[in-house]
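Chains, contacts and geometry: an overview
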Amino acid sequence: VGTKKMLWLSVCRTVLRESFVKQSLPRTPEASGNFRTLQSRVCHCRSSSSVLSFSPASTHHAHSPFLSRPGTVPLASGSCRRLGTTKSGDVQDTYTPAFSTSTPLTVTVTKFGQDGSYVTKVVRRSDLLLEYGIHARDLRFSTLSSMYVRGDNIIVRLQHIKAIVTHKSLVLLDSDHTAIATFLPELKEKLDCPKELLPFEFIALEALLMKISSVLEERLGRLQPSLVEVLNTLLDPRLFSVDRGQLHILLHHSKSLSEFHSLVKDVELTLTEMLDSDVDLADMYLTHYKITGEDRDIDDIEEISNLLEAYQMQVEDMISKIQELRELIDRSESVILINLDSQRNVMLRLSLQLEMGVFSATVCGMVGVAFGMNLDSSLEQVKQTNKPSLPSTNKQNTDAMHSYT
């Protein structure tokens, strides 16, 4: 019942949209033919905004007044055009290209031959895909470091280096980048070497790995001395307080170290994944497959394994150095916190001593004030009652003197 209901709703929706299209299209034989062509290519669409979709085979109607519109381009492989209607019943014609608008249609590439000679040119991305028989998704490079085999090609992404390696050529993508442009003469010298020991694809791959490892080591060499210098400044025992400026510099270096650690970790993870898959390692023998027409035996992949393991050890050594620097930062942070705690304890002790001194002075002042007050008490009355009386003789003499006077 649910399926019949959905089919009935789809038919009703198609009929209503067909009426909207007929009202909007010019009533000419050519337009009617175009509409029948589109109607024959109707497909069921789950989205309520899309009405008609047709394959690139319908591009032979590009000269008709219905399909040929200002600002449109011919349909490419993988592109589609959708005809829809808005709420007001107007016809809406949208075009979906094979590549998204954020992806450039052209790319600057540098192609190296087996003798080390290279040529830099700008090519269309679609032509590049057709030439090497790969898909557009293979060149999206969603991660900063990746390495995989696609057909007769080894696709490599190592930070800013993007390359396609074949059995007889090496293609660098986005070679207009400044770092890539300075790398071209060095790469030419590395590729111009005898090919008896290793096939060309391994020589090219080793040159790329050597370059990225040298770049990472150079960055680590710049970061490590500056970081150690800042830590030594903060841990100077002659300084009573911590310099806030040095703390900001340490924070900046710590962030740079974390970013660098993530980059190195990506390279190490890429090499580890390749070494864990014997099938992928066997597929990397492009020259062997081109000569014999058979895949390499997974038991005979020692060359590429040794090559990748050598650079994996270099990357792991850099990771260990980064870990040592992070541990040094943690220990320095602990020492700084201990110094701050000791300074805070000294200040608290001084504050407590001052408070005790003030309290003692206040108590002494209160005693003096208490004894200096003019207040009546029972002591004066006791003294008056205990005062001795005068003798009688003295009393008579006193009365006589008063009478005489």
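For the structure given in this document, a descriptive report is provided here. (Residues numbered from 1 in each chain as written. Predicted model: local features only at pLDDT ≥ 70, side-chain atom pairs only at ≥ 80, totals over all residues. Heavy atoms only, no water.)

**Some remarks on the overall build of the chain**
- Helix and strand content of the chain: 11 helices and nine strands.
- Surface accessibility of the chain: about 26400 Å² in total, with carbon and sulfur atoms responsible for 57%. (Helix = DSSP H or I, 4+ residues; strand = E, 2+ residues; numbered from the N terminus. Areas by Shrake-Rupley, 256 points an atom, 1.4 Å probe, with all protein chains shown as cover.)

**Focus: the pairing of strand β8 (residues 161–165)**
- Where burial is concerned, most of β8 is hidden: four out of the five residues are buried.
- Here strand β7 (residues 153–158) runs beside β8; their pairing, made up of five bridges, is antiparallel. From the neighbouring strand, isoleucine 154 faces β8, where its bridge partner is valine 165.
- Counting the residues that bridge the hairpin from β7 to β8 gives two residues, and of these glutamine 159 lies at a positive phi of roughly 60°.
- Across four bridges, the pairing between β8 and strand β9 (residues 170–173) is antiparallel. Of the residues in β9, the one forming a bridge with valine 165 is leucine 170.
- Hairpin connection of β8 to β9: four residues between the antiparallel strands. (Buried < 20%, exposed > 50% of the residue type's maximum accessible area, 1.4 Å probe, protein only. Pairing = 2+ DSSP bridges.)

**Considerations on the packing of helix α4 (residues 178–191) against helix α5 (residues 200–234)**
- Remark: α4 packs on α5, axes separated minimally by 10 Å, with the N-to-C direction vectors making an angle of 140°. With respect to α5, the axis of α4 lies oblique. Considering the relative orientation of α4 and α5, their crossing is right-handed. Residues Phe183, Glu186, Leu187, Lys190 and Leu191 of α4 touch α5, and the partners they reach there are Phe200, Ile203, Ala204, Ala207, Leu208, Met210 and Lys211.
- Residues that form the contact of α4 with α5 fall into these classes: nine nonpolar, no polar and three charged. (Axes fitted to C-alpha atoms, helices over the stretch in contact; angles between N-to-C directions. Parallel < 35°, antiparallel > 145°, perpendicular 65-115°, else oblique. Left-handed = near helix turned anticlockwise from the far one by under 90°. Contact = heavy atoms within 4.5 Å. Nonpolar A, V, L, I, M, F, W, Y, C, P; charged D, E, K, R; others polar.)

**A few points about the pairing of strand β5 (residues 118–124)**
- Bridge count between strand β4 (residues 106–112) and β5: seven bridges; the pairing is antiparallel. Across the sheet, the residue bridging to valine 107 is valine 123, located in β5.
- Hairpin geometry of β4 and β5 is characterised by an intervening segment of five residues between the two adjacent antiparallel strands and by a positive phi of about 95° at glycine 116.

**Some points on unusual backbone geometry**
- Its identity is not glycine, yet phenylalanine 141 carries a phi of approximately 55°, on the positive side.
- Backbone geometry at aspartate 174 places phi at a positive 55°, although glycine is not the residue there.
- Examined against the element boundaries, aspartate 174 turns out to sit in the loop between β9 and α4.
- Classification of aspartate 174 as partly exposed rests on a relative accessible area of 29%.

**As for the pattern of salt bridges**
- Applying the stated criterion across every chain yields a total of 11 salt bridges.
- Close ionic contact of arginine 150 with aspartate 138 constitutes a salt bridge, the shortest N to O distance being 3.2 Å. Taken as a pair, arginine 150 in strand β6 (residues 145–150) and aspartate 138 in the loop between α3 (125–132) and β6 lie far apart in primary sequence, 12 residues in all.
- Given the relative accessible area of 35%, arginine 150 is considered partly exposed.
- The exposure class of aspartate 138 is buried, given its relative accessible area of 6%.
- Aspartate 174 is paired through a salt bridge with lysine 162; the nearest N and O atoms lie 3.3 Å apart. On the criterion of sequence distance, the pair formed by aspartate 174 in the loop between β9 and α4 and lysine 162 in strand β8 is long-range, its members being 12 residues apart.
- Salt bridges sharing common partners tie together Glu186, Lys190 and Lys211. (Salt bridge = Lys/Arg side-chain N within 4 Å of Asp/Glu carboxyl O.)

**Quick notes on the sheet that holds β5**
- Here we have six strands laid out as an open sheet, ordered β5-β4-β9-β8-β7-β6, and antiparallel in their pairing. The two strands at the open ends of the sheet, each matched to only one other strand, are β5 and β6. Going across the sheet, the axis of each strand differs from the next one's by a mean of 20°, ignoring polarity.

**Describing the nonpolar core**
- One finds Met147, Leu170, Leu172, Leu208, Met284, Ile304 and Leu308 to be the most contacted residues of the largest nonpolar core, which totals 57 residues.
- Broken down by element, this core gets its largest block of residues, 16 residues, from α5.
- In this structure leucine 208 touches Val156, Leu158, Ile161, Ala163, Val165, Leu170, Leu172 and Phe183, once residues within four positions along its chain are discounted. (Core = buried A, V, L, I, M, F, W, Y, C linked by side-chain atoms within 4.5 Å.)

**Considering the packing of α5 against helix α6 (residues 244–276)**
- With their axes 10 Å apart at the nearest point, α5 and α6 run at an angle of 155° to one another. The angle between the axes of α5 and α6 places the two elements in the roughly antiparallel class. As α5 packs across α6, the resulting crossing turns out to be left-handed.
- Across the contact of α5 with α6, the residue classes break down as 17 nonpolar, five polar and two charged.

**Points about α4**
- Here α4 contains 14 residues, and its C-alpha end-to-end distance of 20 Å stays within 8% of the 20 Å for a straight helix at 1.5 Å per residue.
- Along α4, the sharpest kink reaches roughly 40°, centred on leucine 184 and followed within four residues by the proline proline 185.
- Residues of α4 that are buried: Ile180, Phe183, Leu184, Leu187 and Leu191.
- Against β4, β5, β8, β9 and α5 lie the buried residues of α4. (Expected span 1.5 Å × (residues − 1). Bend = angle between axes of the 7 residues up to and from the residue.)

**Focus on the side chain of glutamine 246**
- One can find glutamine 246 in helix α6.
- Setting aside its immediate chain neighbours within four residues, glutamine 246 contacts Val230, Thr233 and Leu234.

**A closer look at α3**
- Along α3, the residues classified as buried are Arg125, Leu128, Leu129 and Tyr132. All buried residues of α3 fall inside an arc of 100° around its axis, so they share one side. Across α3 from its buried face, at more than 90 degrees, point the exposed residues Leu130 and Glu131.
- Tucked into the core, α3 has its buried residues touching β4, β5, β7, β8 and β9. (Arc of directions from axis to C-beta.)

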